[in-house]
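Summary of the model geometry
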Amino acid sequence: MGARKRLRAEKLKAEKRVTAIASLRDCPTSPRKMRLVADMIRGVEINKALGMLRYSKKEASVRLEKLLRSAIANWEAKNQGVALEETPLCVKTICVDGGRQLKRIQPAPQGRAHRIRKRSNHVTLIVDRMETAATTATKAETKTAAKKNTAAAAKTKTVTKKTAAAAAETEVKPENAAN
């Protein structure tokens, strides 16, 4: 394994140690109805999200509340030395995908039948530490430093190319003068 690949793998492992994942499979609610509730809590702090789910009238909110509690418990299991009250957590990502469909038949007039699709969904919820202003600022500083480094490297390349071209021209001129 190369050095870059190994470093990338170590970085991903470190990120997985901090995040907690919970998934709900084959939930008998249509994905469209579940996405309405999932969009409410995406990116929200966990205590606020639990309150929103608790007092929502949607049926899907009961299932998502249970899933969020499971993700919080998973985070506590991964980070046993850290207190939950001290660490601000948020719903980093929540993904609602379509599950399998149960196909049923509804009798229709004149001997026909209409197909009924009973949809289900899969929900994946990831809880992570909330990004504070300090972490956002440090990320921005590292990006600007990286841009400056690449810009400086590009300038040195163009300068070296120009000096090489100028040196080549000076070498050519004496030969032409001698002929």
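These lines cover the structure that appears in this document, whether it is placed above or below. Since this is a predicted model, take the numbers as computed values, not measurements.

Attention shifts here to the overall build of the protein. The number of helices and strands found in the protein is five helices and five strands. Expressed as a percentage of the 179 residues in the protein, the buried residues total 23%. Long-range contacts, defined here as pairs at least 24 residues apart, represent 71% of the contacts in the protein between residues at least 6 apart. Only carbon and sulfur atoms are counted for the fraction: they give 55% of the accessible area of the protein, which is about 13,300 Å².

Turning next to unusual backbone geometry. We note that D26 has phi near 50°; this positive angle belongs to a residue other than glycine. Position of D26 among the secondary structure elements: in strand 1 (residues 20-27).

This part takes up the pattern of salt bridges. Under the definition given, this model contains six salt bridges. The closest approach of N and O atoms between R54 and E65, which form a salt bridge, is 3.0 Å. In this pair, R54 is assigned in helix 3 (residues 46-54) and E65 in helix 4 (residues 60-78), connecting sequence segments eleven residues apart. Accessibility expressed as a relative area gives 47% for R54, which makes it partly exposed. Taking the relative accessible area as the measure of exposure, E65 reaches 11% and is therefore buried. Through salt bridges with shared partners, a single network forms among R54, E65 and R69.

This next bit is on the packing of helix 3 against helix 4. Interaxial distance between helix 3 and helix 4 falls to 9 Å at its minimum, and their mutual angle equals 155°. Comparing the axis directions of helix 3 and helix 4 gives the class roughly antiparallel. The element helix 3 and its partner helix 4 pack so that their crossing is left-handed. Across the interface between the two elements, I46, A49, L50, L53 and R54 from helix 3 touch S61, L64, E65, L68, R69 and I72 from helix 4. The residue inventory of the contact of helix 3 with helix 4, partitioned by class, reads seven nonpolar, one polar and three charged.

Glancing now at the nonpolar core. Side chains of nonpolar character tend, in soluble globular proteins, to be buried together. One finds M34, L64, L68, I94, V123, L125 and V127 to be the most contacted residues of the largest nonpolar core, which totals 26 residues. Sort the elements by how many residues they give to this core and helix 4 lands first, with seven residues. If near-sequence neighbours (up to four positions away) are discounted, V127 is found in contact with T19, A20, I46, L68, A71, W75, L89, C90 and K92.

Here we come to the pairing of strand 5 (residues 121-129). Pairing between strand 1 and strand 5: six bridges, direction antiparallel. Bridged to L24 within strand 5 is V123. Sheet topology note: the strand 2 (residues 89-98)/strand 5 ladder contains nine bridges and is antiparallel. Bridging across to strand 5, D97 finds its partner in H122.

As defined by bridge partners, strand 3 (residues 102-107) adjoins strand 4 (residues 113-118) across six bridges and the pair is classed as antiparallel. Its bridge partner lying in strand 4, P107 is registered against A113. Taking the residues between adjacent antiparallel strands as the criterion, strand 3 and strand 4 are bridged by five residues, where Q110 takes a positive phi near 60°.

The next thing to look at is the sheet that holds strand 1. In space, the three strands of this open sheet follow the order 1-5-2, with antiparallel pairing throughout. Since the sheet does not close on itself, it has two edges, and those belong to strand 1 and strand 2, each with one partner. On average, each strand axis in the sheet is inclined to that of its neighbour by 15°, with strand direction left out of account.

Our next topic: the environment of E65. Sequence separation between E65 and G51 is 14 residues, and the spatial gap between their C-alpha atoms is 9.1 Å. Apart from the residues within four sequence positions on either side, E65 is in contact with L50, L53 and R54.

Parameters at a glance
- Residues numbered from 1 in each chain as written.
- Predicted model: local features only at pLDDT ≥ 70, side-chain atom pairs only at ≥ 80, totals over all residues.
- Heavy atoms only, no water.
- Helix = DSSP H or I, 4+ residues; strand = E, 2+ residues; numbered from the N terminus.
- Buried < 20%, exposed > 50% of the residue type's maximum accessible area, 1.4 Å probe, protein only.
- Contact = heavy atoms within 4.5 Å.
- Areas by Shrake-Rupley, 256 points an atom, 1.4 Å probe, with all protein chains shown as cover.
- Salt bridge = Lys/Arg side-chain N within 4 Å of Asp/Glu carboxyl O.
- Axes fitted to C-alpha atoms, helices over the stretch in contact; angles between N-to-C directions.
- Parallel < 35°, antiparallel > 145°, perpendicular 65-115°, else oblique.
- Left-handed = near helix turned anticlockwise from the far one by under 90°.
- Nonpolar A, V, L, I, M, F, W, Y, C, P; charged D, E, K, R; others polar.
- Core = buried A, V, L, I, M, F, W, Y, C linked by side-chain atoms within 4.5 Å.
- Pairing = 2+ DSSP bridges.

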